[in-house]
Structures are given as structure tokens and as C-alpha cells.
Amino acid sequence: MDALIATFAGYAPIYPELLLAFGASELLLLGVFASRIKSETMVWIAIAIMGAAALLIFNQGLAVEQMFNGSFVVDPFARFLKLLVLLGSIVTLFMSRTTLKRHGLLTYEFAVLVLYATLGMMMMISAGDLISMYLGLEMQSLALYVIAALRRDSLRSSEAGLKYFVLGALSSGMLLYGSSLVYGYTGSTIFADIATYLQANPGQNIGLIFGLVFVLAGLAFKISAVPFHMWTPDVYEGAPTPITAFFAAAPKVAAMALLIRVTIDAFLPVVAQWQQILVFISIASMMWGAFAALGQTNIKRLMAYSSIGHMGFALVGLAAGSAEGTKSVLIYMAIYLVMTLGAFACIMTMRRGEVAVEEIDELSGLANTNLPMAFFLAMLLFSLAGIPPLAGFFAKFYVFRAAVESGLWPLVILGVIASVIGAVYYLRIIKVMFFDDAKESFDIMPADMKLVLGASGVFILLYVVYPSPLVSAAEAAAKSIFPG
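Please read these numbers as outputs of a predicted model, since none were measured by experiment.

Caption draft 1: Structural context of the overall build of the protein chain. Helix and strand content of the protein chain: 21 helices and four strands. The principal-axis extent of the C-alpha atoms belonging to the protein chain is close to 65 × 60 × 45 Å. Residue pairs in contact within the protein chain that sit at least 24 positions apart in sequence constitute 81% of those at least 6 positions apart. Of the roughly 18,400 Å² that the protein chain leaves accessible, carbon and sulfur atoms contribute 68%. The centroid of the 26 positive side-chain charges in the protein chain is displaced by 4 Å from the centroid of its 28 negative side-chain charges.

If you want it as C-alpha cells, here you go:
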């Protein structure tokens, strides 16, 4: 018995993942064999499971632990980002209940798929080798393919799911091909061993560089960075709005975490090679996200291009290739997550009776019909644009400062230009809300939406007063993956 307890205790670092895996499987069985249980109850159970997983992560301390011969790494970096992912998934489930129930889409499968997707994200964040990276990525992706096409009677939703699946399969193939090249030239799939090989063999290896390019291309698809962004606007527009909110939040954090893990843990000795790739992707994403959003009339498509641009800004910090740059990316993703969830709380409230509206013009005169919603949405949009003293300004400030310290002045200048251009389409929405003639008011905002909108609004408004908890946590997380 003592041996059994000792063995079980040895798996303590993966208790949160085990809890999600067991909970999702049990929830699936409940849905199949206990059909009398309401779907909304299933959602609350899923929220409780993820909340318990977050508590387990809190109690893990600050130690760096490795499982399965280094394939699974648990460190402050992983814990920080896992908590962000769990926050994004919990809030999305919490907000989605009312909207999905209204459309008859609140089924137990949705809660199960979100749990499995979140489990995949947590595996991605702790991946210590190419195989565990791929397993986590595919577990997340397979669940997201189904979620994107959840509304089976909608042509747009089915099209969104099909496009995401086909392009996702292409990116997975690129990732696998790149991983095979890396393994072929280094003789290992473990990130630490790959870094050791590169350190011992400083000469350029063209085949290995090709492998690195393919791996980065596969990961760039997951964060919808240009030129691998083509799926994003269609999936954002075609999927039901609560699902779009999920796509825009937690999966982006997990994919960015995996990109950091791969570049820093495995390929830091060849930083000059991947830095060039990230600089190009960053510039392309910032510029395309800014210019393409200018002509959008659908607010979900606008948020898609906005997310493309924001991933470009986050990559500015990673391109710096330093501990300060890594810290800035973590802060950026935390603030981006809060801003996105708050914005989608408003977008999900854009409805009149049974009709959901998505056109920006439908927000005309919102300040006259619902001033609190207009105010908080305006603050979130100002923050997304990077207007001081809101949290979004500091997110961009941190990544730009890290890039300046690494001598990437051209990247910073282009980033500032893209930020100014991007501010135009955010300000256009604010102008519509406060200065255009009022249209028929939206339905009363549900209490759960009010809570999410209010909490996110307070965070971005008061971040300037007390930023140290987030900054300190991000710094500790960055140091754990980037010693010295």
C-alpha cells in the first residue's frame, strides 16, 4: 500500500492534467448514460473541474520538475500559462451558457470538447520534446475542429469547421516534417538535447535550419500569424460567437507558450536564424492585421484581424530573444486574454430578441441606450489600440522596450506605425457608439456577461495603479525558462 501511495505521489506534477483527463472522460460517460442531467449542469461540472485543476497548479510551488525522461516539464513558466489557459476556458464556458442555450447548442459535448481542448493546451505548455508537443497540439486541434462546426445546420459554421480542419491538417503536416528533419540531424526529440547538440555544433546546418523553418511555420498557423492566417477571419465569422470567443482566447495563449518553449528551450543556440523568421512574421502580422481590418463591417471579422495584429505585437517581444523579451510576451498574452474576453462579452450581447447582429453599424448610438456597456467596450477598444494609461498600452510598451534593448529598432518603428493604423478601426467603433444616431436597443445584458465585462474593464483601467503582481509572476516564469 505504501508503495502504491508513493508511486501515485510521484505523479503529483501531472495531477492537473490527470484531473482534466479523468473529468472529461467521466463527463462524456455521464452525457451518454445519464441523459436526464441537464447540459447546463454539465457545463458547471466542467467549470468546477477546471477550477480544481487551477487550485492544484497553485499548490505546486515554484520547483522545476520533469516527467517521462524530460518529455513533460513543469516549471513556473508552465504554471503561469496554464493558469491563463484555465482562466480563458472557464470564463468562456461561463459566458457561453446563455447564448448557446438560446440557440439549442448547449450540449454536454460542448463542455467535454472544451475540457479535452484545455487538456491539450496544458500538454502543449509543458511539452519538453517534439513528440509530446505534437500530441498536445493535436489533442487541442481535434477538439477545436469539432467545436468550430458545432452548429451543424449552419452552412457558415460547417464551412468554418471544414476550412479550419483542412488548413490545420496542412500545418500539422508541416510541423511533423520539420520535426522529422530536426530529429534526423540532432538524433533526439528532447528539447534540451537538441539545444545541447546545437551548442556543440555551432556551424550552420542547412537541413536543420529547414526543419526549424517548418516547425515554426506549423506553430505560426496556430497563433494565426501571417502568412498562415487565412483561416482566422472565416472561422471567427462562421463559428457561433461564444465559440469564436474561445478561439480568440485560450488557444492563442497555449500556442504562443509552445512557440516560446520551442524557440527558447530547443533552438536558443541558433537564435540568429529563428529571430529573422520571427521578425518577418511579426511585421507581416502587425501590418496585415492593421490594414485588413480597416474595411471590415462585421465585428467578428474585425476581431479576427485584430487578433492577427496582436499576435504580431506579441512576437516583437519573442523576437528579442532575451529573458526581458520573454517576460514581455507573457505580460502581453495575459492582458490580451482579459481584453479579448471583455470585448466578446459585449459582442455576445449584440442581439435583439432571437436575432444576433454582428455588423458594426448596429452599435450606433449605444451610449444613448446602454451607457455602461458603451463605456466599458470603449475602454476595452482603447486598450486594444494601446492608448495610455490603459493596460493595453503597457502590454505594447513592454514588448517594444524588450526589442529596443535587443537592437531591433526597425521592428519597433514598424510596430508603432502599425499600432497607429490599427487605432483607426477601434476608434471608428467608438465613434459609432457615441456619435451616431441611436438604433433600437439590444436585449438586457445577462448577469454573467455583466460580471465578465465589469471585471475585465476594471482590470484594464486599474492595471496602471498596481501592475507588480502580473509583472513579478511573468518575470519569475521567464527566468525559469530563460536562466540568467
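Once the structure has been displayed, the description carries forward.
Caption draft 2: Main features of a nonpolar patch on the surface. On the surface, a nonpolar cluster with roughly 500 Å² of combined accessible area is contributed by V458, L462, V464, V465 and Y466. For L462, the location among the structural elements is in helix α20 (residues 447–462).

Caption draft 3: Structural context of the environment of M67. Topologically, M67 is positioned in strand β1 (residues 65–67). The class for M67 is buried, based on a relative accessible area of 10%. Linking M67 and V112, residues 45 residues apart in sequence, is a C-alpha distance of 26 Å.

Caption draft 4: Summary view of the nonpolar core. Counting 176 residues, the largest nonpolar core has F247, M256 and F267 as its most contacted members. For this core, the element with the most residues is helix α15 (residues 323–347), which contributes 16 residues. Each residue touching F247, except ones within four places of it in the same chain, is listed here: L144, I147, A148, Y164, W231, V235, Y236 and K252.

Caption draft 5: Up close: the pattern of salt bridges. Scanning the entire structure with this criterion turns up eleven salt bridges. When the shortest N-O distance is used, the salt bridge between D448 and R97 registers 3.1 Å. Of this pair, D448 sits in helix α20 while R97 is found in helix α4 (residues 76–102), placing the two residues 351 residues apart along the sequence. Residue E324 is joined to R401 by a salt bridge in which the shortest nitrogen-to-oxygen separation is 3.1 Å. A residue pair is termed long-range when its members are at least 10 positions apart, and E324 in helix α15 and R401 in helix α18 (residues 391–405) qualify at 77 residues. Using a relative accessible area of 22% as the deciding quantity, one classes E324 as partly exposed. When salt bridges with common partners are traced through the structure, they connect K163, D234, E237 and R301 into a single cluster.

Caption draft 6: Local environment of the packing of aromatic side chains. Applying the stated rule across the entire model yields 16 aromatic pairs. Between Y145 and Y164 the ring centres are 5.1 Å apart and the planes differ by 75 degrees, which places this aromatic pair in the edge-to-face class. Residue Y145 is located in helix α6 (residues 130–148), and its partner Y164 is located in helix α7 (residues 155–186); the two are separated by 19 residues in the primary sequence. Accessibility expressed as a relative area gives 8% for Y145, which makes it buried. Y164 sits in the buried class, given a relative accessible area of 3%. Ring plane angle 70 degrees and centroid distance 6.2 Å describe the contact between F313 and F400, whose orientation is recorded as edge-to-face. Here the residue F313 occupies a position in helix α14 (residues 299–319), and F400 occupies one in helix α18, the gap between them amounting to 87 residues. Judged on exposure class, the residue F313 and its partner F400 are both buried. Each member of the aromatic cluster is reached from another via a ring pair, and the members are Y145, Y164, F165, F221, W231 and F247. Geometry around F313 places K396 over its ring, the cationic atom sitting 4.3 Å from the centre.

Caption draft 7: Inspection of the side chain of R301 at higher detail. Structurally, the position occupied by R301 is in helix α14. For R301, the side chain forms a polar contact with the side chain of E237, separated by 2.8 Å. What R301 contacts, discounting residues up to four positions off in sequence, is P233, D234, E237 and Q296.

Caption draft 8: Structural detail: the packing of α4 against α15. Viewed as axis vectors pointing N to C, α4 and α15 meet at an angle of 0 degrees, and their least axial separation amounts to 11 Å. As judged from the angle between their axes, α4 and α15 are roughly parallel. Across the interface between the two elements, F77, F80, L81, L84, L87, G88, V91, T92 and M95 of α4 pack against L330, M333, A334, L337, L341 and A345 of α15. A class-by-class count of the residues in the contact of α4 with α15 yields 13 nonpolar, two polar and no charged.

Caption draft 9: Region of the structure containing the side chain of S307. Examined against the element boundaries, S307 turns out to sit in helix α14. According to the relative accessible area criterion, S307 is buried, its value standing at 1%. At 2.7 Å, the side chain of S307 and the backbone oxygen of A304 are in polar contact. Excluding its chain neighbours within four sequence positions, the residues that come into contact with S307 are S224, T232, Y236, K252 and Y336.

Caption draft 10: Quick look at α20. Across its 16 residues, α20 extends 22 Å between first and last C-alpha, which sits within 8% of the 22 Å expected from 1.5 Å per residue. What α20 keeps buried is the set D448, M449, V452, L453, G454, S456, G457 and I460. Looking at the packing, one finds that the buried side of α20 touches α4, α15, α17 (371–385) and α18.

Caption draft 11: Expanded view of unusual backbone geometry. Cis geometry marks the peptide bond from V226 to P227, where omega comes out at 10 degrees. Locating P227 in the fold gives a position in the loop between α9 (206–222) and α10 (232–238). Along the chain, P388 connects to P389 via a cis peptide bond; the corresponding omega equals 5 degrees. Structurally, P389 is set in the loop between α17 and α18. In the Ramachandran plot, F68 falls in the positive-phi region, its phi being about 55 degrees despite a non-glycine side chain.

Scoring rules and cut-offs
- Residues numbered from 1 in each chain as written.
- Predicted model: local features only at pLDDT ≥ 70, side-chain atom pairs only at ≥ 80, totals over all residues.
- Heavy atoms only, no water.
- Helix = DSSP H or I, 4+ residues; strand = E, 2+ residues; numbered from the N terminus.
- Contact = heavy atoms within 4.5 Å.
- Areas by Shrake-Rupley, 256 points an atom, 1.4 Å probe, with all protein chains shown as cover.
- Lys, Arg positive; Asp, Glu negative; His and termini not counted.
- Charge placed at Lys NZ, Arg CZ, Asp CG, Glu CD.
- Patch = residues over 30% accessible without salt bridge, like charges linked within 9 Å, V, L, I, M, F, W, Y side chains within 5 Å.
- Salt bridge = Lys/Arg side-chain N within 4 Å of Asp/Glu carboxyl O.
- Buried < 20%, exposed > 50% of the residue type's maximum accessible area, 1.4 Å probe, protein only.
- Core = buried A, V, L, I, M, F, W, Y, C linked by side-chain atoms within 4.5 Å.
- Phe/Tyr/Trp six-rings, centres within 6.5 Å; stacked < 30°, edge-to-face > 60°.
- Lys NZ or Arg CZ within 6 Å of the ring centre and 35° of its normal.
- Polar contact = N/O pair within 3.5 Å; in protein donor to acceptor, adjacent residues only side chain to side chain.
- Axes fitted to C-alpha atoms, helices over the stretch in contact; angles between N-to-C directions.
- Parallel < 35°, antiparallel > 145°, perpendicular 65-115°, else oblique.
- Nonpolar A, V, L, I, M, F, W, Y, C, P; charged D, E, K, R; others polar.
- Expected span 1.5 Å × (residues − 1).

Geometric values such as these leave the question of function open.
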